[in-house]
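# Structural overview for review
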Amino acid sequence: MIKQLPLPRLIAYGLTGLPLATLGLPLYVYLPTYYARDLMLGAPLVGSILLAARLFDVVTDPAAGFMSDRLTLDNWRRRAMMVMGVPWLLIGIWMLFLPPAGIGAGWLLLGTLLAYLGWTLVSIPYAAWGAELSPDYHERSRLAASREGFQALGVLLALAVPTWAGIAEDAGATLRLLFACVALTLPLTVLIAVKVLSESRWILQGPALTAGVRLLLGNQPLRRLLLAYVLDGLANGLPATLFLLFITERMQASEATGPLLILYFGMGVVALPAWIGLARKIGKHRAWAISMGVAALSFTIVPWLGPDDLAVFTITVAFTGLTLGADMALPTAIQADVVDVDTARGGGGRAGLLFGIWGMATKLALALAVGIAFPLLGLAGYDPALQAQPTSALTALGFLYAGLPILLKLPCIYIAWCFPLDEHAQSDLQREIRRRIQARELPNEDR
C-alpha cells in the first residue's frame, strides 16, 4: 500500500493554484469592460482581440505539454517549464493591468498573448506534475483537491479583496490591486512547490510520432473522458457566461451578484473534502457522476424563476456550489489515471501532452458557450439597449442558463458512471508500468 502524501506536501503542491485563480477572475471579468469602456477601445475591437488571443492560447496548450514532456533536464521537466512561465505571465499581466495612458489595440493584443502564454507554461506542466507525484488512485484525488481547493479560494479572494478595499466598482483600481497580489504570491508559491517537491526520474521512452498518434486515437478511456469533459465544460460554461445577464435581467437583483458568487465558491471549498471521501468509497468516476446529477437536479427549477424568487435562486446557487469542488477536482484526478493507460501501452511520459489536450478541450468548451449563448439570445430578441427585454428573450435566457446545461450533463453522467477505470483497473496499469520500468533498468543479459 502506498503511503499517503503528508499534508505539508499537498499544500506545497496546491498553493500555486491560488494566484492562478486570483488572476483568472480579473482577466475574464474586469479586463474586457476596463479596456472597452474606461480606455475607450470599444467592445467590438476588444472582443476581437481577446478572441484572437484565445485561439492562440488553445494551440499553445498541447504544444506546451509536449515540450514539458520532452525536456531532458533531469528531475526538472515540469518545474523548469513552470519557472520559465512565471516571468512571461507577470510581464503580460503588468501590461494588461497597469497600462500607460494612450495605449491602443496593439498593447492589448501583445499583453494578452504574453499573459496567456505565461499562464499556459505554468498551468499545463503544473497539472501534469500533479498526475506524476503519486501513482496511487486515491492520492491523485487528494492532489487534485488541493490544487482545485486553492483555486476556488483564489476566486473567493479575487472577489472579496477589492470589496474589502472599497474599490470593487472601480475596474482600474481593482486590476492594479490584484496585479500586486498575483505579483507577490505567484513567484512565492511556485518557489515553494519546486523547493519542497521533486519529480519522478522513471520516464519511459516514448513512441515515434505515427505510433504515438495511433496510441492516442486507440485510447478509449481518453476518448470517453474528452467527450464528457467537453460536454460538461459547455454545460458549466453556459451559466458562467450568462450569470450576470440572468441575475440582472431575469432576477432583477444585480446587487446580489457579489454575495451569490462568494456563496457559490465558498460552498465549493467547504464541500470538497466530502466529495473526496465519497470518491474513496465508490470511486472517482461515480462520485463525479453523482455531483453532476445533483447540479442538474438543482437547475431544474431555475428556468421558471423570476424577480420574486431570489431566495429560491440563492438556494439553487448554494446546491450547485456544493458540486463545484467535485466537478473541478475529480475529472482532473481521473485524467491522471487515463495517462496511465497511455504509459502502460508504450506511450512513455506524456502527461504534459495529455493535460495540454484537456486544456485545449476546456477552452474550446468555454468558447463554444459564448458562441452558442449570445447568438441564440439575439435571435430570441435580446437587445442590451432595451430597458425591458421581451418575454421571448427572457425565456431563452432561462433555457440557455439552466435548461440546456441539464440536457448536456445527462450524457456526461452516464459516461462518468460507466467509466472503465476504477481503483482495481488503475492498479493493474501501475503494475504494468512498473514492469516496463524494471525491464528497462535490467541489463540485457538479465532479461
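Our structure is the block above this text.
Right, let's walk through the structure included here.

Calculation rules
Residues numbered from 1 in each chain as written. Predicted model: local features only at pLDDT ≥ 70, side-chain atom pairs only at ≥ 80, totals over all residues. Heavy atoms only, no water. Core = buried A, V, L, I, M, F, W, Y, C linked by side-chain atoms within 4.5 Å. Buried < 20%, exposed > 50% of the residue type's maximum accessible area, 1.4 Å probe, protein only. Contact = heavy atoms within 4.5 Å. Axes fitted to C-alpha atoms, helices over the stretch in contact; angles between N-to-C directions. Helix = DSSP H or I, 4+ residues; strand = E, 2+ residues; numbered from the N terminus. Parallel < 35°, antiparallel > 145°, perpendicular 65-115°, else oblique. Left-handed = near helix turned anticlockwise from the far one by under 90°. Nonpolar A, V, L, I, M, F, W, Y, C, P; charged D, E, K, R; others polar. 1 Å grid on protein atoms, 1.4 Å probe; cavity = no way out; pocket = protein on both sides within 12 Å on 5 of 7 lines; lining within 4 Å. Points joined across faces, edges and corners; volume = space filled by probe spheres on them. Patch = residues over 30% accessible without salt bridge, like charges linked within 9 Å, V, L, I, M, F, W, Y side chains within 5 Å. Areas by Shrake-Rupley, 256 points an atom, 1.4 Å probe, with all protein chains shown as cover. Salt bridge = Lys/Arg side-chain N within 4 Å of Asp/Glu carboxyl O. Phe/Tyr/Trp six-rings, centres within 6.5 Å; stacked < 30°, edge-to-face > 60°. Disulfide = S-S within 2.5 Å.

## Details of the nonpolar core
- Tyr 35, Ile 93, Phe 97, Phe 313, Trp 358 and Tyr 401 are the most contacted members of the largest nonpolar core, which totals 129 residues.
- Discounting residues that sit within four places of it in the chain, Trp 358 has contacts with Leu 222, Leu 225, Leu 226, Tyr 229, Gln 335, Val 338 and Val 339.

## Looking at the packing of helix H5 (residues 105-132) against helix H13 (residues 351-379)
- Axis separation between H5 and H13 bottoms out at 9 Å; the angle between their running directions is 125 degrees. Taken together, the axes of H5 and H13 lie oblique to each other. Between H5 and H13 lies a crossing of right-handed hand. Contact residues: Thr 120, Ile 124, Ala 127, Ala 128, Ala 131 and Glu 132 in H5; Ala 351, Gly 352, Phe 355, Gly 356 and Lys 363 in H13.
- A breakdown of the residues in the contact of H5 with H13 according to their chemical character gives six nonpolar, three polar and two charged.

## Observations concerning empty space enclosed by the protein
- Within this structure, the stated rule accounts for one cavity of 30 Å³ or more.
- Within this model, the largest cavity holds a volume of roughly 50 Å³.
- Ala 127, Gly 130, Ala 131, Arg 140, Leu 143, Ala 144, Arg 147, Thr 332, Ala 333, Ala 336 and Phe 355 together form the lining of the largest cavity.
- Mapped onto the lining of the largest cavity, the elements with two or more residues apiece are H5, helix H6 (137-165) and helix H12 (310-347).
- Element by element, the count of residues in the lining of the largest cavity is highest for H6, at four residues.

## Structural notes on a nonpolar patch on the surface
- Among the surface-exposed residues, Met 84, Trp 88, Ile 91, Trp 94 and Leu 98 lie close enough to one another that they form a single nonpolar patch of about 460 Å² accessible area.
- In this fold, Leu 98 is placed in the loop between helix H4 (77-97) and H5.
- For Leu 98, a relative accessible area of 31% corresponds to the partly exposed category.

## Focus on the pattern of salt bridges
- This model, assessed by the stated rule, comprises 17 salt bridges.
- Ionic pairing is found between Lys 409 and Asp 232, a salt bridge with its closest N-O pair at 2.5 Å. On the criterion of sequence distance, the pair formed by Lys 409 in helix H14 (residues 391-417) and Asp 232 in helix H9 (residues 220-250) is long-range, its members being 177 residues apart. Across this residue pair, the class does not change: Lys 409 and Asp 232 are buried.
- Here Asp 428 ties to Arg 431 by a salt bridge, and the two come within 2.0 Å at their closest N and O atoms. One end of the pair, Asp 428, and the other, Arg 431, are both in helix H15 (residues 423-441), three residues apart, so they sit about a helical turn from each other.
- Look at Asp 428 and you get partly exposed, because its relative accessible area is 43%.
- The exposure class of Arg 431 is partly exposed, given its relative accessible area of 44%.

## Quick notes on the packing of aromatic side chains
- Inspection of the entire model under this criterion finds 10 aromatic pairs.
- Plain terms: the ring middles of Phe 246 and Tyr 401 are 4.3 Å apart, the flat faces sit at 10 degrees to each other, and that makes the pair stacked. Taken together, the positions of Phe 246 in helix H9 and Tyr 401 in helix H14 put the pair 155 residues apart, joining distant regions of the chain.
- A relative accessible area of 4% places Tyr 401 in the buried class.
- In this structure an aromatic cluster arises from ring pairing among Phe 246, Phe 299, Phe 313 and Tyr 401.

## A closer look at the state of the cysteines
- By the definition in use, this model includes zero disulfides.
- Free of any disulfide, Cys 412 has its nearest cysteine sulfur in Cys 418, 13 Å distant.
- For Cys 412, a relative accessible area of 0% translates into the label buried.

## What about the packing of H9 against helix H11 (residues 284-299)?
- Contact geometry for H9 and H11: axes closest at 13 Å, N-to-C directions at 30 degrees. On the basis of the axis angle, H9 is roughly parallel to H11. Judged by the sense of rotation from one axis to the other, the crossing of H9 with H11 is left-handed. Judged by residue contacts, Leu 225, Ala 228, Asp 232 and Pro 239 of H9 engage Trp 288, Met 292 and Phe 299 from H11.
- When its residues are assigned to classes, the contact of H9 with H11 shows six nonpolar, no polar and one charged.

## Some points on unusual backbone geometry
- Even without glycine at this site, Met 40 takes up a positive phi of about 60 degrees.
- Note on placement: Met 40 falls in the loop between helix H2 (17-38) and helix H3 (43-70).
- With a phi close to 50 degrees, Gln 252 is a non-glycine residue in the positive phi region.
- With respect to the helices and strands, Gln 252 occurs in the loop between H9 and helix H10 (257-282).
- Owing to a relative accessible area of 57%, Gln 252 belongs among the exposed residues under this scheme.

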